[in-house]
Amino acid sequence: MPGLGLGTWENEDPDACAESVRTALESGYRHVDTAQIYGNESAVGRGIADADVDREDVFLATKVWIDKLAHDDVLASTEESLAKLGTEYVDLLYVHWPAGKYDPEATLSAFEELHESGTIDRIGVSNFEPNHIETARSAVDAPIFANQVEIHPLLQQRELHEFCSDAGIELVAYSPLARGDVFGVDVLSEIADDRGVSEAQVSLAWLRAKDIAAIPKATGADHIRDNWASLELELTDDEVARIDDIDGERRKVDPDFGPASW
Ligand code: NAP
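Residues numbered from 1 in each chain as written. Predicted model: local features only at pLDDT ≥ 70, side-chain atom pairs only at ≥ 80, totals over all residues. Heavy atoms only, no water.

Peer 1: Looking at this structure, how should I read the sheet that holds strand S7 (residues 170–174)?
Peer 2: One key point about sheets: their strands pair by backbone hydrogen bonds, in either a parallel or an antiparallel sense. The eight strands lie next to each other as S1-S2-S3-S4-S5-S6-S7-S8, forming an open sheet whose pairing is parallel. Of all the strands in the sheet, just strand S1 (6–7) and strand S8 (213–214) have a single pairing partner and so form its edges. (Pairing = 2+ DSSP bridges. Helix = DSSP H or I, 4+ residues; strand = E, 2+ residues; numbered from the N terminus.)

Peer 1: Would you mind showing me how to read the packing of aromatic side chains here?
Peer 2: The description of an aromatic ring pair rests on the distance of the ring centres and on the angle between the ring planes. For the structure shown, the criterion picks out four aromatic pairs. Arranged with centres 6.4 Å apart and planes meeting at 25°, the rings of tryptophan 9 and tyrosine 38 form a pair that is stacked. Here the residue tryptophan 9 occupies a position in the loop between S1 and helix H1 (14–27), and tyrosine 38 occupies one in the loop between strand S2 (31–33) and helix H2 (41–50), the gap between them amounting to 29 residues. Judged by centre distance (6.2 Å) and plane angle (90°), the rings of tryptophan 65 and tryptophan 97 are edge-to-face. Remark: tryptophan 97 occurs in the loop between strand S4 (92–95) and helix H4 (104–116) and tryptophan 65 occurs in the loop between strand S3 (59–64) and helix H3 (71–85); sequence separation between them is 32 residues. Taken individually, tryptophan 65 and tryptophan 97 each receive the classification buried, so the pair is uniform in this respect. One Lys or Arg, arginine 55, reaches over the ring of tyrosine 89 and ends 4.0 Å from the middle of that ring. Of note, arginine 122 hangs over the ring of phenylalanine 145, and the distance from its end group to the ring centre comes to 5.2 Å. (Phe/Tyr/Trp six-rings, centres within 6.5 Å; stacked < 30°, edge-to-face > 60°. Buried < 20%, exposed > 50% of the residue type's maximum accessible area, 1.4 Å probe, protein only. Lys NZ or Arg CZ within 6 Å of the ring centre and 35° of its normal.)

Peer 1: Just to check I follow, could you spell out the environment of glycine 220 for this structure?
Peer 2: Topologically, glycine 220 is positioned in the loop between S8 and helix H9 (221–228). For the pair glycine 220 and glutamate 19, spaced 201 residues apart in sequence, the C-alpha to C-alpha distance is 8.5 Å.

Peer 1: How should I be thinking about the pattern of salt bridges in this particular structure?
Peer 2: It is possible for side chains of opposite charge to pair when their charged atoms get near one another. Scanning all chains against the criterion turns up 12 salt bridges. One salt bridge connects lysine 210 with aspartate 244, and the closest N-O pair in it is separated by 2.9 Å. Taken together, the positions of lysine 210 in the loop between helix H8 (199–209) and S8 and aspartate 244 in helix H10 (residues 237–244) put the pair 34 residues apart, joining distant regions of the chain. A residue is classified by how much of its surface remains accessible, and lysine 210, at 23% relative accessible area, is partly exposed. (Salt bridge = Lys/Arg side-chain N within 4 Å of Asp/Glu carboxyl O.)

Have a look at this one:
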């Protein structure tokens, strides 16, 4: 899985979303993250088709929303996602949230069938805590490849990171720029000034130093390219340690927010 991808939540205008995806792919990105609930799978598919990049070279991830997590709904809604995305398979299909119609056995047996048929290359989960992961792992034989959760310098998720590392599960950081809050954090601004880069790049380089994949959402070419340039930034051990020392937990997405209100 390419460690830096493009997020697409709230990139809802179809033309703008397709253009963001095309621009990202033509700038070097090879990982695109969407979800059924974002309402933009068709636009994401159009962006991939428009880009001068082969589909097989793109790591494409989508997520099944909580009202489609009954066994047969997983199968049917994934077919709909594939049709919208204009593809015959996705590289990674996530359970978006362990909520709503989620039932470990019923939901994940459908994911396993999709995996066995080659419709999905990998099974992922999102917004899962260690107890959810333990239950999920005992419900399926196929490996759980990744857990996508909120992680950034202001919410470092140290215990979950250790748990997933020990379990051999990749972590994918959503809201890796804390939805813009990384700008104006003193330590990040100091490092950014010293290195002549943006706070976004510092945050993404810190995640990379932790072996955590990141999927920053960016709409225009400037942000898309700024984030891509983070791959050139190697933080020193001292810089990583200074970011590690940021205290507190500033969560941007309430774990109960999605299921409760969507
Ligand atoms: P984010 O990536 O932390 O922040 C996005 C915001 O930062 C946007 O306002 C964007 O503006 C701005 N931005 C991006 N790059 C920038 C740069 N270089 N300089 C200045 N501003 C920049 O937040 P997010 O969208 O919440 O998270 C990223 C992705 O994670 C989502 O799009 C989605 O794919 C995924 N996600 C998943 C879940 C889940 O439950 N699994 C939940 C939340 C998010 P512009 O748009 O104007 O460029």
